[in-house]
Amino acid sequence: MDDQTIITSTRHWIEKAVIGLNLCPFARSVWAKKQVRIVVSHAKHVDGLLEDLDRELDLLASTPPEEIDTTLLIHPTLFPDFEVFNDFLEVVDEVVDEHELEGVIQVASFHPDYRFEGAEEGDVSNATNRSPYPTLHLLREDSISRAVESEGGDAEAIVERNIATLEKLGWDGWRALLKQ
């Protein structure tokens with residue numbers, strides 16, 4: 001699988017689902033301004049992916065948000081199992097702390113088989129965090145705060161709206177939306 005295929009699939013998901021369904025209220029603006037960096041990792045092991053994460057955290061922290069506001073770090077093959085990917089997120093949080101970026105950058109996670117804690121596997125609400133490939137989304141906390149404020153200051157209301165949107169759409173609608 002080549003990088004262009006991975007990036008094209010990810011861009012399609014962003015445009016149709018994340019922006020198209022307004023699952024992330026801040027995505028449309030940074031996408032339109034071309035402030036989203038998409039990186040495909042070719043690491044053969046977790047250690048290599050952590051090195052890629054180190055580089056991307058350093059780059060995002062040292063680059064003005066007008067140039068790069070957010071980064072998607074994709075690894076298409078290292079984490080086929082969601083549970084393993086989910087466990088890896090604890091290490092990701094430790095890396096953010098090691099870079100002294102807690103409160104500055106946070107990491108959201110996306111996976112083709114994403115499942116919220118306590119949710120049934122077939123629950124359509126899981127689709128809010130389902131992406132074509134395992135992805136670490138590095139977000140600036142300031143940008144998140146601005147986005148939440150622009151939506152009335154209630155982050156939980158965004159989550160509830162997303163779930164309602166997906167329940168209305170259903171799995172058939174979700175699959176149709178993402179067809180290329």
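Below is a short write-up of the structure.

Each value, and the rule that gives it
- Residues numbered from 1 in each chain as written.
- Predicted model: local features only at pLDDT ≥ 70, side-chain atom pairs only at ≥ 80, totals over all residues.
- Heavy atoms only, no water.
- Helix = DSSP H or I, 4+ residues; strand = E, 2+ residues; numbered from the N terminus.
- Contact = heavy atoms within 4.5 Å.
- Phe/Tyr/Trp six-rings, centres within 6.5 Å; stacked < 30°, edge-to-face > 60°.
- Buried < 20%, exposed > 50% of the residue type's maximum accessible area, 1.4 Å probe, protein only.
- Pairing = 2+ DSSP bridges.
- Salt bridge = Lys/Arg side-chain N within 4 Å of Asp/Glu carboxyl O.
- Axes fitted to C-alpha atoms, helices over the stretch in contact; angles between N-to-C directions.

1. Topic: the environment of Pro 76
Right, on to step 1. Checked against the element boundaries, Pro 76 lands in the loop between β2 (70-74) and α4 (82-98).
Right, on to step 2. With 69 residues separating them in the primary sequence, Pro 76 and Ile 7 have C-alpha atoms 10 Å apart.
Right, on to step 3. In this structure Pro 76 touches Ile 6, Val 40, Ser 41, Tyr 133 and Pro 134, once residues within four positions along its chain are discounted.

2. Overview of the packing of aromatic side chains
Right, on to step 1. In the structure shown here, the tally under the stated rule is five aromatic pairs.
Right, on to step 2. Between Trp 13 and Phe 110 the ring centres are 5.3 Å apart and the planes differ by 70 degrees, which places this aromatic pair in the edge-to-face class. With a gap of 97 residues between them, Trp 13 in helix α1 (residues 3-19) and Phe 110 in strand β3 (residues 105-110) connect regions that are remote in the sequence. With respect to class, Trp 13 is no different from Phe 110; both count as buried.
Right, on to step 3. Members of the aromatic cluster, connected to one another through ring pairs, are Phe 79, Phe 85 and Phe 88.

3. As for the pairing of β2
Right, on to step 1. In terms of burial, β2 is a largely internal element, five of the five residues being buried.
Right, on to step 2. Alternating residues of β2 divide into Thr 70, Leu 72 and Ile 74 and Thr 71 and Leu 73, and every residue in both groups is buried.
Right, on to step 3. Summarising the sheet, strand β1 (residues 36-40) and β2 pair through five bridges and their orientation is parallel. Looking across to β2, one finds that Val 40 is bridged to Ile 74.

4. Re unusual backbone geometry
Trans is the common state for peptide bonds, and a negative phi is the common state for residues other than glycine.
Right, on to step 1. Phi is positive for Asn 22, close to 55 degrees, though the residue is something other than glycine.
Right, on to step 2. Relative to the assigned elements, Asn 22 resides in the loop between α1 and α2 (27-32).
Right, on to step 3. The phi dihedral of Lys 34 falls on the positive side, at around 60 degrees, and the residue is not glycine.
Right, on to step 4. For Lys 34, the position within the fold is in the loop between α2 and β1.
Right, on to step 5. With a relative accessible area of 69%, Lys 34 lands in the exposed category.

5. Here's the deal with the pattern of salt bridges
Right, on to step 1. In total, this model carries five salt bridges according to the counting rule given.
Right, on to step 2. A salt bridge links Arg 115 to Glu 83; its shortest N-O distance comes to 2.7 Å. With Arg 115 in the loop between β3 and β4 (135-140) and Glu 83 in helix α4, this residue pair connects regions lying 32 residues apart in the sequence.
Right, on to step 3. A salt bridge links Asp 172 to Arg 175; the nearest nitrogen and oxygen atoms lie 3.5 Å apart. Note that Asp 172 and Arg 175 are positioned in helix α6 (residues 155-178) at a spacing of three residues, about one turn of the helix.

6. Describing the sheet that holds β4
Right, on to step 1. Pairing is mixed across the open sheet formed by four strands, whose spatial order is β1-β2-β4-β3. Each edge of the open sheet is held by one strand with a lone partner, namely β1 and β3. This sheet shows a mean twist of 20 degrees between the axes of neighbouring strands, independent of strand direction.
Right, on to step 2. Here six bridges tie β3 to β4, and the two strands are oriented antiparallel to one another. Directly across from Ala 108, in β4, lies its bridge partner His 137.
Right, on to step 3. Contacts from helix α5 (residues 141-150) reach β3 and β4, with the element oriented near 80 degrees to β4.

7. A few points about the environment of Arg 55
Right, on to step 1. Tracing the chain through its elements places Arg 55 in helix α3 (residues 46-62).
Right, on to step 2. With relative accessibility at 49%, the residue Arg 55 sits in the partly exposed group.
Right, on to step 3. In this structure, the C-alpha to C-alpha distance between Arg 55 and Phe 116, residues 61 residues apart in sequence, is 28 Å.

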